[in-house]
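Chain and residue survey
The chain contents come next:
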Amino acid sequence: MGTDMLQRLKNKIIDYAFTKPKYPLRFRELMEANRIFTDNLDTDLIPGVKLCRLKLYLVYFIIWNLVAIPLVLVFHSLLEKLDCHLSILLAIVFTLLFFGTYKIFEEHMKKEAAKRLILDAWQNHLPHFDYDKHHEEVAQIYKEALDRDIPKRDIERFIIDKMINTA
């Protein structure tokens with residue numbers, strides 16, 4: 001139940017902070033996005049993943065406060081007795097933690113948004129092949145097509161033929 005709730009929260013954040021493209025990915029864009037995603041490359045290279053950074057900061061700020069405020073309330077009596085120099089150091093550490101973990105949060109959300117975009121396009125172009133089962137194989141076939149210099153207009157047929165022959 002916890003993972004289902006976490007997935008719903010991620011979906012709500014993605015719906016809020018990311019702009020869905022007007023048009024679905026074309027087949028070649030899907031193949032490139034799948035290759036980038038499968039190879040764990042930078043998700044900024046995937047077309048259609050557009051982030052509103054201000055909205056993501058707002059969501060992160062709310063999540064951070066949901067975690068930090070209860071901790072501050074629990075440890076308030078200890079924190080008020082600290083030397084001011086130690087308080088300054090703690091403020092610096094928490095500031096570093098805030099911005100450092102934001103970047104991790106942003107990258108994770110970008111990756112989730114990219115995966116959702118790829119899954120939607122996969123349903124359009126390759127509905128008969130399960131994404132979780134075949135995405136790595138399709139990425140390899142796409143790399144092979146690029147290595148063989150197959151023309152853009154023939155890549156889709158090449159990949160689908162290879163998938164059918166290996167099934």
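Presented here is an overview of the structure given in this document. Keep in mind it's a predicted model, so treat the numbers as computed, not measured.

1. Looking at the environment of Phe61
Relative to the helices and strands, Phe61 is located in helix α3 (residues 53–74). Given a relative accessible area of 46%, Phe61 falls into the partly exposed group.

2. Observations regarding a nonpolar patch on the surface
A cluster of nonpolar side chains, namely Ile63, Val67, Leu71, Val72, Val74, Phe75, Leu78 and Leu79, defines an oily patch on the protein surface of about 690 Å² accessible area. Mapped onto the nonpolar patch, the elements with two or more residues apiece are α3 and α4 (76–80). If you tally residues by element for the nonpolar patch, the top one is α3, at five residues. Position of Val67 among the secondary structure elements: in helix α3.

3. A word on the packing of helix α1 (residues 2–17) against α3
Following both chains from N to C, one finds α1 and α3 inclined at 145°, their axes separated by 9 Å at the closest point. Considering how the two elements wind past one another, α1 and α3 form a crossing that is right-handed. Across the interface between the two elements, Ile13, Tyr16 and Ala17 of α1 pack against Lys55, Leu56, Leu58, Val59 and Ile63 of α3. A class-by-class count of the residues in the contact of α1 with α3 yields seven nonpolar, no polar and one charged.

4. Topic: the layout of surface pockets
Each pocket or cavity is described by its volume, and for the largest pocket that value is around 350 Å³. Elements represented by at least two residues in the lining of the largest pocket include exactly α3 and α5 (84–125). Taken together, the residues of the lining of the largest pocket sort by class into 11 nonpolar, two polar and no charged. Size it by volume and the second largest pocket reaches roughly 180 Å³. Sorting the residues of the lining of the second largest pocket by element identifies α1, β1 (18–19) and α5 as the ones contributing at least two each. Here the lining of the second largest pocket gets four residues from one element, more than from any other, and that element is α5. In terms of residue class, the lining of the second largest pocket is made up of six nonpolar, two polar and five charged.

About the thresholds
Residues numbered from 1 in each chain as written. Predicted model: local features only at pLDDT ≥ 70, side-chain atom pairs only at ≥ 80, totals over all residues. Heavy atoms only, no water. Helix = DSSP H or I, 4+ residues; strand = E, 2+ residues; numbered from the N terminus. Buried < 20%, exposed > 50% of the residue type's maximum accessible area, 1.4 Å probe, protein only. Patch = residues over 30% accessible without salt bridge, like charges linked within 9 Å, V, L, I, M, F, W, Y side chains within 5 Å. Areas by Shrake-Rupley, 256 points an atom, 1.4 Å probe, with all protein chains shown as cover. Salt bridge = Lys/Arg side-chain N within 4 Å of Asp/Glu carboxyl O. Axes fitted to C-alpha atoms, helices over the stretch in contact; angles between N-to-C directions. Left-handed = near helix turned anticlockwise from the far one by under 90°. Contact = heavy atoms within 4.5 Å. Nonpolar A, V, L, I, M, F, W, Y, C, P; charged D, E, K, R; others polar. 1 Å grid on protein atoms, 1.4 Å probe; cavity = no way out; pocket = protein on both sides within 12 Å on 5 of 7 lines; lining within 4 Å. Points joined across faces, edges and corners; volume = space filled by probe spheres on them.

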